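Below, each chain spelled out in residue letters.
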Amino acid sequence: MAKNKLNKNWLHDHINDPYVKAAQKDGYRARAAYKLKEIDEDEKLVRSGQVIVDLGCTPGSWGQYVRRKLAGKEGGGINGTIIGLDILPMEPIADMHFIQGDFREQESVDQLAALLQGRKVDLVLSDMAPNLSGIASADAARMEDLIDLALEFSQLHLKPGGALLVKCFKDMGFSQIVEKFRHEFKTVTQKKPKASRDKSSEIFLLGRGLKQPAEN
Ligand SMILES: C[S@@+](CC[C@H](N)C(=O)[O-])C[C@H]1O[C@@H](n2cnc3c(N)ncnc32)[C@H](O)[C@@H]1O
């Protein structure tokens, strides 16, 4: 299909997308908020008092959703900690720490660890996706690399009963990723929220409860 036609189709879908409309109404920066919302409503992941890490957080709709859930009824601050990281800048979100950095670089991971100040994490979220080159094997390898790093981080920093939710693509090394999750977590669940477009191979993988939590 010609590029112009593709753009037109995308624009048509975007304008008529109920989640785009809902995001505008609810003040979310992206429709992606509803993916996390649906998974959270199903799985009861986000709770008051938690320490939550949001990898690939820009433009910030997952952070906004999490912040709203951790906020007290009377407004004011939040009960809990949210730390987001992205290569791209992000408009600030009240009470959310933000690190601009590449998660593949040790320096970024060290900055995250420094903000944690030794606290263990309840929930690691990753909506990270690499810039796609169009070369299937290279894209799959990049995706797997990001997920491996999120797994490694979770192994080191999650509480024993903590959870890791990552974005995957069914056509990008998915079965190997599921295997790795099964190796690390007591329960592994696949989630395809309604807000994740049917024509996209996007799927989320949720691991809960580390089989072998780190000692310290
Ligand atoms: C789909 S967007 C995330 C949307 C976000 N969850 C929200 O609700 O607003 C994916 C993000 O992952 C980020 N990303 C991709 N690779 C990354 C990396 N190596 N380190 C940090 N962020 C990365 C991108 O810059 C992009 O902002």
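Only a predicted model underlies this, so the values are computations on that prediction, with no experimental measurement involved. (Residues numbered from 1 in each chain as written. Predicted model: local features only at pLDDT ≥ 70, side-chain atom pairs only at ≥ 80, totals over all residues. Heavy atoms only, no water.)

Asker: I'd love a proper account of the site of the ligand, names of residues and values included.
Answerer: Around the ligand, 21 residues are found, and the nearest of them are Gly60, Ser61, Asp86, Asp102 and Asp127. Within the backbone of Pro59, one N or O atom sits 3.3 Å away from an oxygen atom of the ligand. Contact with the protein chains hides 86% of the accessible area of the ligand, taken as 600 Å² for the molecule alone. Of all the secondary-structure elements, those providing two or more residues to the shell around the ligand are helix 4 (61-70) and strand 2 (81-86). Grouping the constituent residues of the shell around the ligand by class yields 11 nonpolar, five polar and five charged. (Near = heavy atom within 4 Å. Polar contact = N/O pair within 3.5 Å; in protein donor to acceptor, adjacent residues only side chain to side chain. Areas by Shrake-Rupley, 256 points an atom, 1.4 Å probe, with all protein chains shown as cover. Helix = DSSP H or I, 4+ residues; strand = E, 2+ residues; numbered from the N terminus. Nonpolar A, V, L, I, M, F, W, Y, C, P; charged D, E, K, R; others polar.)

Asker: Can you lay out the pairing of strand 4 (residues 121-126) for me, pointing to particular residues and giving the numbers?
Answerer: The element strand 4 is extensively covered by neighbouring structure, given that six of its six residues are classed as buried. In this sheet, strand 4 lies alongside strand 1 (residues 51-55) in parallel orientation, the contact comprising four bridges. By the bridge assignment for strand 4, Asp54 is matched with Leu125. Considered for its hand, the β-α-β crossover made up of strand 4, helix 6 (residues 136-157) and strand 5 (residues 158-169) is right-handed. (Buried < 20%, exposed > 50% of the residue type's maximum accessible area, 1.4 Å probe, protein only. Pairing = 2+ DSSP bridges. Right-handed = clockwise from strand over helix to strand, strands pointing away.)

Asker: Before we move on, could you go through the side chain of Asp86 and cite the residues and values that matter?
Answerer: Structurally, Asp86 can be placed in strand 2. There is no salt bridge for the buried Asp86, and the closest opposite charge comes from Arg104, which lies 9.9 Å off by N-O distance. Here the side chain of Asp86 touches Thr58 through a polar contact of 3.0 Å, landing on its backbone nitrogen. What Asp86 contacts, discounting residues up to four positions off in sequence, is Gly56, Cys57, Thr58, Phe98, Ile99, Gln100 and Gly101. (Lys, Arg positive; Asp, Glu negative; His and termini not counted. Salt bridge = Lys/Arg side-chain N within 4 Å of Asp/Glu carboxyl O. Contact = heavy atoms within 4.5 Å.)

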